[in-house]
Amino acid sequence: MTTNDAFQIAVLPGDGIGHEVMAPCIEILNAAAAQVGGLSFRFETHQAGAMHYRDHGVALPASALEAARKADAILLGAMGWPAIRYADGTEIAPQLDLRFEFGLFAGVRPVRTLPSMPAILADRRAAHLDFVVIRESTEGLFASRGKGVVIDDREARDTMVITRDVCEPLFDFSFKLARQRKARGGKGIVACVDKANVFTSFAFFRKIFDERASAFPDVRADHAYIDATALDMVRRPWALDVLVTENMFGDILSDLGAGLMGGMGFAPSADIGADHAVFQPCHGTAPDIAGQGKANPTAMILSGAMMLDWLGEKHGRPEALQAADLVRAAVDKAFAGGLKPYEIGGTDGTADITRRVIAALDHKTLEVA
Ligand code: ATP
């Protein structure tokens, strides 16, 4: 890739509100690119997900997988539908298949509150949260996905897997992120969140964390148990910086984090591996509101900004980093102006939110800031 080449983006809108939040994200990414200049995208949409499985018997077609493999980045809406399941009763989840297929070990879930939101916690310090949950995304308890056993209708077993090969890059990624955040005024702390007091697998997880911590003396390495972390996310979330944890624990903590921001529609994420990355909101397909124009696209839009950050850093393209800051600044400005999505009891739907964010996109905002 040379300067000014368009980034090739594989787009997998998926099911339910996945489609509804994807269109605004693409519109805003294009608008931000036009503002900064020297940046463009070729978006190529592929069908995959539960509806595709229902209609064609395959959830993630080989053509979509190959297009995703070749793309510079992958944008994903949401996939799955409660009534459409595999024969063993589990839900269709190609987003999990992509994590395993591309080795996307680092699930990055920022918890950053937006301006003028209704208070979720009574303490005023909770109005300004900025921390990140890193969910290991290829093993842990999810290593047992599709492999669990039920023995004689008496007993069921799922096995947790923690490997050095995944943990070392996961912890290095976490320490580097804390270092970058520190350079931008962050606290410079990584906490390893586990249950090392009870399980051998987590004691091993923590041991590798401590080994890798010694390579990052400028970042503080803390330990925390999962139960205490759940408490702290409610009791003093403003004291947190980077939390790195196992897949299942991270799944749960990231929903708690979304709750602190106002709901699932505010929570972006990135699933990052050595070569590939998928950017998608933390939320699912929301069948309860699908098709009503009520979906909050903020999480998808902010996931698009995370994609710009990743592309900018990977390819040395400062204009992509600038566009990422621009999108986040526009989202902040739109919310500071009083946006109230249905999700938090307001009346702003998908189209209103998109329109207000686009109106707030102004590169001069960044020059002033
Ligand atoms: P999954 O298991 O696939 O993660 P889920 O069943 O846990 O999905 P979601 O689909 O994320 O849950 O929905 C949880 C709740 O959050 C629902 O009430 C849904 O309407 C709401 N929700 C999720 N995403 C959004 C959004 N973008 N805008 C508004 N509400 C949302």
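About the cut-offs
Every residue gets a number counted from 1 within its own chain, in the order that chain's sequence is written. With the structure being a predicted model, the display of local features is reserved for residues of pLDDT at least 70 and the display and counting of side-chain atom pairs for 80 or more, all residues being used for whole-chain, interface and lining totals. Excluded from the side-chain calculation are hydrogens and water; included are all heavy atoms of the structure. Residue ranges for the domains originate in an automatic or database domain assignment. The contact rule is simple, with two residues in contact once any of their heavy atoms fall within 4.5 Å. Here's the idea: put two parts together, see how much 1.4 Å probe accessible area each one loses, and the total over both is what we call buried area. Within this document, salt bridges are pairs made up of a side-chain nitrogen of Lys or Arg and a carboxyl oxygen of Asp or Glu, the two lying within 4 Å of each other. Pairs of N or O atoms within 3.5 Å make up the polar contacts considered here, provided that, within protein, one atom can donate a hydrogen while the other can accept it, and that residues adjacent in sequence are counted only when both atoms are side-chain atoms. Secondary structure elements are defined from DSSP: runs of H or I of at least 4 residues count as helices, runs of E of at least 2 residues count as strands, and each element is numbered from the N terminus. Charged means Asp, Glu, Lys or Arg here, nonpolar means Ala, Val, Leu, Ile, Met, Phe, Trp, Tyr, Cys or Pro, and polar covers whatever is left, Gly included. When DSSP finds at least two bridges between two strands, those strands are taken to pair. The angle between two axes is taken between their N-to-C directions and runs from 0 to 180 degrees, where each axis is a line fitted to C-alpha atoms and a helix contributes only its stretch in contact. Expected helix span is given by 1.5 Å per residue-to-residue step, counting one fewer step than there are residues. Relative accessible area decides the class of each residue, using a 1.4 Å probe on protein chains only: under 20% of the type maximum gives buried, over 50% gives exposed, and in between gives partly exposed.

## Examining the domain arrangement of the protein
No. 1: By the assigned domains, the protein splits into domain 1 (1-114 + 264-369) and domain 2 (119-261).
No. 2: Each of domain 1 and domain 2 has a C-alpha centre, and the two are 23 Å apart.
No. 3: Across the boundary between the two partners, domain 1 contributes 23 residues, which contact 28 residues of domain 2.
No. 4: Both sides together, the interface formed by domain 1 and domain 2 hides about 2,300 Å², and carbon and sulfur atoms give 60% of it.
No. 5: Our count for the contact surface shared by domain 1 and domain 2 stands at two salt bridges.
No. 6: Where R145 meets D97, a salt bridge forms, and the shortest distance between an N and an O atom there is 3.0 Å.
No. 7: Connecting domain 1 to domain 2 are nine residue pairs in polar contact (both at pLDDT 80 or more).
No. 8: For the side of domain 1 that touches domain 2, the secondary structure elements donating two or more residues are α4 (94-101), β4 (106-112) and β11 (270-272).
No. 9: The greatest single-element share of the side of domain 1 that touches domain 2, amounting to seven residues, is contributed by β4.
No. 10: A class-by-class count of the residues in the side of domain 1 that touches domain 2 yields 13 nonpolar, three polar and seven charged.

## Digging into the sheet that holds β4
No. 1: Taken in spatial order, the 10 strands make up an open sheet running β2-β1-β3-β12-β11-β4-β5-β10-β8-β9, and their pairing is mixed. Both edges of this open sheet fall to β2 (41-45) and β9 (220-225), since each of them pairs with a single strand only. When the angles between neighbouring strand axes are averaged without regard to direction, this sheet yields 25 degrees.
No. 2: Two strands pair when backbone bridges link them, and β4 and β11 are joined in this way by three bridges, in the antiparallel orientation. Bridge assignment links A106 to a residue of β11, and that residue is I272.
No. 3: Each of β4, β5 (130-136), β8 (189-194), β9, β10 (242-245) and β11 is contacted by helix α5 (residues 164-183), which is oriented at about 170 degrees to β5, the strand it contacts most.

## Side note on helix α1 (residues 17-36)
No. 1: Its 20 residues give α1 an end-to-end C-alpha distance of 29 Å, which sits within 8% of 28 Å, the value for a rise of 1.5 Å per residue.
No. 2: Along α1, the positions that sit buried rather than exposed are I17, G18, V21, M22, P24, C25, I26, I28, L29, A32, A33 and V36.
No. 3: Summarising the contacts, the buried residues of α1 are in contact with β1 (7-14), β2, β3 (73-78), α9 (298-315), α10 (318-336) and α11 (350-360).
No. 4: Downstream of α1 by a residue or two, G37 has a phi angle that is positive, lying close to 80 degrees.

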